[in-house]
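Chains, contacts and geometry: an overview
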Amino acid sequence: MMIESLKYMPQSRQSSSALAEHFTDLAPALNARQAAIESARCLYCYDAPCSRICPSEIDVASFIRNIHEGNVNGAAAGILKQNILGGSCARVCPTEILCEDACVRNHDAEGQPVKIGLLQRYAVDHMTFSEHPFQRAPATGRRIAVVGAGPAGLSCAHRLAMLGNDVVIYEAREKSGGLNEYGIAKYKLTDDFAQKEVAFLLGIGGIEIRHGQTLGGNVQLKDLQAQYDAVFLGLGLGASRRLGLTGEDAPGLLAAVDYIAALRQADDLSQLPVPARVIVIGAGNTAIDMAVQIRRLGAEEVTLVYRRGFDAMSATGHEQHIAMENQVRMRTWAQPQQVLLDEAGRVRAMRFEKTALNNGRLAGTGETFEIAADAIFKAIGQSMDPDSIGDPLARTLQRDGDKIHVDAQFRTILPRIYAGGDCVAPGQDLTVQAVQHGKLAALAIHRDIQSNKEPHHG
C-alpha cells in the first residue's frame, strides 16, 4: 500500500490506549431514556419532509413513533426494509443537510431538529430479533453476480436474495464493506461495526462472497455474463485523482484514502507513521476525515488547503466545524503549484498560488506562498480504478467522464449488465445513495430476469 512511502517517519509518541481514546464515537449513542425524550419531540408530520428528503425512502416519522411507543424492533424493521445498511448510514449520513435540515423542529421556535440520525442508530443497535427480520421468497432458480461488496453491491445482493434469487459477490479486497470498512473515519464507525453489519445482512441466506476477485484480473466480465442471469457492477471509485504536478510520486505524498484505510485496519494505532507537519489538499469529507485523524494521531501542524472558499466546500458546515475543533488550520483560495523536495527527494513543503474569481471563473492571481510539510495527503476526489475498466468488455461501457452511464433502471448498454453506486453517472458520493441504487437495481434486475422464461446461466 502507498502508506509505505511514509515508513521513514516516526510513529506516534502516544500510547496505544491513549490513541484509542481519540477514536471512540464522535457522537455518543443515545441511551433508552434519551431516546424516549428525543422521540417525544417528533411531531409525526403528515407527508413528513424528513421522509421525503431521505435518499433511501425511510419513513422517518413512523420509525420514530415506534421508538416512542417502545417498539424498537418495529422501528428497526421499518428502517432496514428500506435501507439494509441503516446502522452505518445512521452514523455516516450527512443528516445535517438531509432529514435533520428538513425537520420542522429545525424551523420552529426551538430551532433544534429532532436527532434523527441518533434515533435511527438507537433503533438498529437495540433491535432483538430472534431470527433475520426478512425472509426469502420462494427460490426463482436464477443466479446473479455482483461485483463489489461495498454499500451498493451489498444492498443489491440482499434485495435480490430476499426476492428468492441466489447471489455471488466478487470482492477484490480481503474484507467486505467497501467504503464503510476502508474509507470512513475511524471515529464514525467504531467497534468493527462494518463487519457486524455485513454478517447481519448475510443472515438472509442465498448470498456467497468470494474475496480476492478483481474485475479485469482474475474475473472477466464476459465470463460473468455467460455464467449468470445478470451482473451488477458496484465498483465504487477506487483510484485517487492526481494533482498533475512534478514530484507527485515522491515519498511523503500520497492519497488520503490509502492512509485512512491503513488506519482503519491497524490493530495498534501507535505503529502508524505520523508526520509532524501535514498538508491535506481537498474540500470534501475525506479531506476532513484525513486532517482530523492525523491530528488526533499526534501531528503537530495540520493545514487543509482548498482552491475556493468555505461555502464551496463539499464538506458540510458540521464537518468543517469538526476540523476546526481539532485545531486543523484551513486555508482557502489557494491551489497547489509545486511539490518541494529535500536533498533526499522527500517532501519538505508545497508552493501554492492564491486564487480568485475572475468573471465567475477561478483563476490564479500570480501570488504564491509556501507551507512546510513532512507529508502531503491529496483528497481531491476518486475515479474509476483503471484495473476495473481494463476488463475488455467493461471498456465498452458508455461512460460520462470516468463513470458508467446507466438508464433509469440501472441498465448499462451491455445486455444483462447493471451498475450502481459511486461508479455511475449521475451519482453522489453518499453511502445512503449507493444503498438506494443497489436496492432499486435489484428490483429492476428481478423484474427483467423474471420476464425471461429460461435462465441464462449454464
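Rules of the game
- Residues numbered from 1 in each chain as written.
- Predicted model: local features only at pLDDT ≥ 70, side-chain atom pairs only at ≥ 80, totals over all residues.
- Heavy atoms only, no water.
- Helix = DSSP H or I, 4+ residues; strand = E, 2+ residues; numbered from the N terminus.
- Rg over C-alpha atoms; globule rule 2.2 N^0.38 Å.
- Buried < 20%, exposed > 50% of the residue type's maximum accessible area, 1.4 Å probe, protein only.
- Contact = heavy atoms within 4.5 Å.
- Areas by Shrake-Rupley, 256 points an atom, 1.4 Å probe, with all protein chains shown as cover.
- Lys, Arg positive; Asp, Glu negative; His and termini not counted.
- Charge placed at Lys NZ, Arg CZ, Asp CG, Glu CD.
- Pairing = 2+ DSSP bridges.
- Right-handed = clockwise from strand over helix to strand, strands pointing away.
- Axes fitted to C-alpha atoms, helices over the stretch in contact; angles between N-to-C directions.

Things to note about the overall build of the protein
Across its full length, the protein holds 17 helices and 18 strands. For 458 residues, the compact-globule estimate of 2.2 N^0.38 gives 23 Å, and the protein sits close to it at 23 Å. Taken over the C-alpha atoms alone, the protein extends approximately 65 × 60 × 50 Å along its principal axes. Residues classed as buried in the protein amount to 52% of the 458 residues present. Nonlocal contacts in the protein, meaning residues at least 24 apart in sequence, comprise 72% of its contacts between residues at least 6 apart. When the accessible area of the protein is evaluated, it comes to approximately 20,000 Å², of which 48% is carbon and sulfur surface. Computing the positive centroid from 46 side-chain charges and the negative centroid from 52, the protein places the two 2 Å apart.

Regarding the pairing of strand β7 (residues 277-282)
Summarising burial for β7: 5 of the 6 residues are buried, a large majority. One ladder, built from 5 bridges, connects β7 with strand β8 (residues 301-305); its direction is parallel. Looking at β8, one finds that V280 is bridged to L304. On the question of chirality, the crossover connecting β7 to the parallel β8 by way of helix α14 (residues 285-297) is right-handed. The sheet contact formed by β7 and strand β13 (residues 375-379) spans 5 bridges and is parallel. Paired with I281 across the two strands is K378, which belongs to β13.

Notes on the sheet that holds strand β10 (residues 334-341)
Here 3 strands make up an open sheet; going across it, the order is β10-β11-β12 and the pairing antiparallel. If you trace the sheet from one side to the other, it starts and ends with β10 and β12 (361-372), each paired once. When the angles between neighbouring strand axes are averaged without regard to direction, this sheet yields 25°.

Don't take any of this as a statement about function, it's just geometry.
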